[in-house]
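Below are the chains, spelled out letter by letter.
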Amino acid sequence: MTGPLLAQPELHPIMAVYVGLLVASIVVLALLNVWVVRGRSTTRIRAVLPLHTVAMVWAAVAALELLVVDPTLGRWLVYLRTACSYLAVVLFVYFGTVYSGRSTSLRRPFNALFLGGMAIGFLGLVTDPWLGLHFDPLVRATEPFPYYRTGFSPLWQFSFVLSYIGIAVSLYYLTELLITSQHRSRRPLLAYSVGILVGLVPGAVTFVAEVPTLPGYDHTVMGLGIVSGATFVGAWLGMVEIAPISRDRLLETSGDGLVVCDDTGTVVDHNEESRRFFTGEGAPVGSPLATVAPALAAALDDSGGKITAREDSGSDTEFTQDGRRYSVVISPVTDGEAVSGSALLVRDVTERVENRRELRRQNEQLDEFASSVSHHLRNPLQIAAGQTELARDRIGEPPPEGVDIGRLDDLEGALDRMAAIITDLRTLAEQGKSVESTDPVPFDPTVRTAWGHVDTDGATLVVERDGTIAAEQSRLLSVLENLIRNSVEHGAAESGDTAAADLTVTVRLTDDGFVFEDDGRGIDADRDRLFDYGYTTSSEGTGLGLRIVQTMVQSHGWSIRVDPEHDGARFVVSDAVTSVEPAEASVAWNKQ
């Protein structure tokens, strides 16, 4: 008849103490798991759930191992208990890595080496019943009650040392977070870290000396009682609350103020730059934002400082404090699908607001000046043009002998040139302002529209690549019209009514702008002065066409340059946002 599997009700006092500690650890860890699952916790905190679950199984197997009297069952329970210890160590390192905001990728050398070493030790454990590589030996002791004594083989010692290295690295992660953090997870992290350190003592004692109560027994599992107690204290102090991670990498490297609040509007973290917004000398962490920074809170929410932000995007606002203007960008702090708080980026924009106001004032003055100049100059020009026409009528055709009618032609040409200059200066004043908003403009139709607005004298247009470009369409049209006019007027190989008939203009959309080129005679002007006000090589030109082009290009935030390697004229516009369609066959087009 087979004997009982478990010990009799009269437990040995030492066994009762050991089993009691293990059961207490299971209960505390189970309660903590319920707390984490039901409470308002983050993904980083939930990373402790697998660790606690495996630790409970580890403690349960260890307790059952002490209670059983069947040697074979007890031996297999030793293997299972040791397997749980391997998994628990790996999950502890995982928790420390995730909670401190580090990567769990196997591309990190430590992660790969640690898991590889643990896999070797675990393989030795699995094959130990047949190869005997892990325990050297595994002996059944009888006093003070039956239990298994663990022999320390080289593989066991390797796994033990590697486990402590992994735990030490994980504690380093948590300690670094503890030292650099100002938020409320400092105290729970301190309690948790100290508990882990103390909890490592039983395992270390097992390795270096024999514990008198149970010599040769692996006491590592007994540290679970200390660890579970420390975890309970950490949770009680607020470890399950929102914990901004890696603040030293983000908060202190930003030159702006950064405040982190939980979903109740309570400050949980901030950097030094944000201290100017807090009133009083007390610590703002743990206090409602409306209490410690009323000006900031009032700008965010009129209901009393509760911070809200949509899950999919941030929002922004502005407020004034001590005569300075600040912008606030509110971004949700998400943890999985839930919003657990908000990050407030506060930036001093006083100079930017003043510059914007001054720029607006200057633009208004420029508009007034350009309108005044245009108005006051056009009236005399119109009078001069009218008097010239009147003089031509009175002279009659043919002109009397000794009267040079060509002087009137020169006068009309000068008046036309002055009118063109006024028009160009007016264009510069109106179009030189910075573009405030852009739209995706279809490139090919815009180029052909500009081509239709200019007298091209039979020149041919080729648009090689199409797509869209982010621009203000009216200014883009002006840029293209002036470039087309410049090519027609200066690119023809010879002068005359049909000089541009053999000219081909090619326009090509690029990944960051566009290229405008022709196959004409090239640029025979000083390239360094090409975009200067009033610079021209033509007696009939105003010298403002390319200046208008550069001004309107720069008003978009783009840049323009001349390609000196091209035989004709080639202008390259860059720094634009484009969407280029796949290349198709180019179609030549001209106006007949």
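Residues numbered from 1 in each chain as written. Predicted model: local features only at pLDDT ≥ 70, side-chain atom pairs only at ≥ 80, totals over all residues. Heavy atoms only, no water.

Participant: An account of the overall build of the chain is requested, with residue identities and associated values reported.
Facilitator: Helix and strand content of the chain: 18 helices and 16 strands. Evaluated residue by residue, the chain yields a buried proportion of 45% over its 592 residues. Considering only intrachain contacts with a sequence separation of at least 6, the fraction spanning at least 24 residues in the chain is 66%. Total accessible area on the chain stands at roughly 30,000 Å², and carbon and sulfur atoms take up 56% of it. (Helix = DSSP H or I, 4+ residues; strand = E, 2+ residues; numbered from the N terminus. Buried < 20%, exposed > 50% of the residue type's maximum accessible area, 1.4 Å probe, protein only. Contact = heavy atoms within 4.5 Å. Areas by Shrake-Rupley, 256 points an atom, 1.4 Å probe, with all protein chains shown as cover.)

Participant: Give a description of the packing of aromatic side chains that names residues and reports values.
Facilitator: Counted by the stated rule, this structure contains 10 aromatic pairs. Measuring from ring centre to ring centre gives 5.2 Å for tryptophan 156 and phenylalanine 160, while their planes differ by 15 degrees; the resulting arrangement is stacked. Of this pair, tryptophan 156 and phenylalanine 160 both sit in helix H7 (residues 154-180), four residues apart, roughly one helical turn. Look at tryptophan 156 and you get buried, because its relative accessible area is 4%. Looking at phenylalanine 160, the relative accessible area reads 11%, which means it is buried. Taken together, the ring pairs connect Trp76, Tyr79 and Phe135 into an aromatic cluster. (Phe/Tyr/Trp six-rings, centres within 6.5 Å; stacked < 30°, edge-to-face > 60°.)

Participant: Could you give an account of the sheet that holds strand E10 (residues 467-471), with specific residues and numbers?
Facilitator: Judged by pairing direction, the sheet is antiparallel, and its three strands sit side by side in the order E8-E10-E15 without closing on themselves. Strands with a single pairing partner mark the edges of an open sheet, and in this sheet they are strand E8 (439-442) and strand E15 (578-580). Between one strand and the next, the sheet's axes are offset by a mean angle of 25 degrees, whatever the strand orientation. Its contacts with the sheet put helix H16 (residues 443-452) on E8 and E10, and the angle it makes with E8 is roughly 65 degrees. (Pairing = 2+ DSSP bridges. Axes fitted to C-alpha atoms, helices over the stretch in contact; angles between N-to-C directions.)

Participant: Lay out unusual backbone geometry in plain terms, naming residues and giving numbers.
Facilitator: Residue proline 144 is reached from glutamate 143 by a cis peptide bond, and omega for that bond is 0 degrees. Mapped onto the elements of the fold, proline 144 is located in the loop between strand E1 (135-141) and strand E2 (147-152). In this model, aspartate 457 sits at a positive phi of 50 degrees, which is unusual for a non-glycine residue. With respect to the helices, strands and loops of the structure, aspartate 457 is situated in the loop between H16 and strand E9 (460-465). Its relative accessible area of 32% is what places aspartate 457 among the partly exposed residues. Unlike most non-glycine residues, aspartate 575 shows phi in positive territory, near 70 degrees. Tracing the backbone through its elements, the reader meets aspartate 575 in the loop between strand E14 (570-574) and E15.

Participant: I'd like a rundown of the pairing of strand E13 (residues 559-562), residues and numbers included.
Facilitator: On any regular strand, side chains alternate: one points to one face of the sheet, the next to the other face. Alternating residues of E13 divide into Ile560 and Val562, all buried, and Ser559 and Arg561, none buried. Strand direction decides the pairing type here: E13 and E14, joined by four bridges, are antiparallel. Within E14, the residue paired with isoleucine 560 across the bridge is valine 573.

Participant: Can you explain the pattern of salt bridges? Please cite residues and give values.
Facilitator: Pairing between side chains of opposite charge can happen when their charged atoms approach one another. In this structure the tally under the stated criterion is 10 salt bridges. The closest approach of N and O atoms between arginine 81 and glutamate 65, which form a salt bridge, is 2.4 Å. In this pair, arginine 81 is assigned in helix H4 (residues 71-99) and glutamate 65 in helix H3 (residues 48-67), connecting sequence segments 16 residues apart. In this structure arginine 81 comes out as buried when scored by relative accessible area, which is 2%. Exposure remark for glutamate 65: the relative accessible area of 2% places this residue in the buried category. Residue arginine 448 is joined to aspartate 444 by a salt bridge in which the shortest nitrogen-to-oxygen separation is 2.8 Å. Here aspartate 444 and arginine 448 lie together in helix H16, a separation of four residues that amounts to about one turn. Classification of arginine 448 by relative accessible area gives buried; the value is 18%. (Salt bridge = Lys/Arg side-chain N within 4 Å of Asp/Glu carboxyl O.)

Participant: Quick one: what's the story with a positive patch on the surface, residue by residue and with numbers?
Facilitator: On the surface, a cluster of positive charge is made up of Arg352, Arg356, Arg357 and Arg360. Relative to the helices and strands, arginine 356 is located in helix H14 (residues 350-395). (Patch = residues over 30% accessible without salt bridge, like charges linked within 9 Å, V, L, I, M, F, W, Y side chains within 5 Å. Lys, Arg positive; Asp, Glu negative; His and termini not counted. Charge placed at Lys NZ, Arg CZ, Asp CG, Glu CD.)

Participant: Go over the packing of H4 against helix H5 (residues 109-126), please, and point to the residues and values.
Facilitator: The geometry of a pair of packed helices is captured by two quantities: the angle between their axes and the separation between those axes. Two elements in contact, H4 and H5, have axes separated by 11 Å at closest approach and are oriented at 175 degrees. As the angle between them shows, H4 and H5 are arranged roughly antiparallel. Along its contact with H4, which presents Tyr79, Thr82, Ala83, Tyr86, Val89, Val90 and Val93, the element H5 presents Phe110, Phe114, Leu115, Met118, Gly121, Phe122 and Leu125. (Parallel < 35°, antiparallel > 145°, perpendicular 65-115°, else oblique.)

Participant: Could you give an account of a nonpolar patch on the surface, naming the residues involved and the relevant values?
Facilitator: Side chains of Val194, Leu197, Val198, Val201 and Ile226 sit close together on the surface and give an oily, nonpolar patch of about 390 Å² of accessible area. For the nonpolar patch, the element with the most residues is helix H8 (residues 186-199), which contributes three residues.

Participant: Describe the environment of valine 553, and please don't skip the residues or the numbers.
Facilitator: Relative to the helices and strands, valine 553 is located in helix H18 (residues 545-555). For valine 553, a relative accessible area of 0% puts it in the buried group. On a C-alpha basis, the gap between valine 553 and valine 573 in space is 7.8 Å, while along the polypeptide they are 20 residues apart. Residues contacting valine 553, with those up to four places away along its chain left out, are Val479, Trp558, Ser559, Ile560 and Val573.

Participant: Run through H16, naming residues and quoting values.
Facilitator: Buried residues dominate H16, accounting for seven of its 10 residues. When H16 is considered as a whole, its buried residues turn out to be Phe443, Asp444, Thr446, Val447, Arg448, Ala450 and Trp451.

Participant: Summarise the nonpolar core; cite the residues concerned and give the values.
Facilitator: In this structure, Leu22, Leu66, Phe135, Tyr147, Ile167, Tyr217 and Val221 are the most contacted members of the largest nonpolar core, which totals 50 residues. Among the elements that line this core, the one with the most residues is H4, at 13 residues. Sequence-distant contacts of tyrosine 147, defined by excluding residues within four places in its chain, comprise Leu66, Val139, Arg140, Ala141, Leu214, Pro215 and Tyr217. Val488, Val549, Trp558 and Val573 belong to the second largest nonpolar core, which has 39 residues in total. (Core = buried A, V, L, I, M, F, W, Y, C linked by side-chain atoms within 4.5 Å.)

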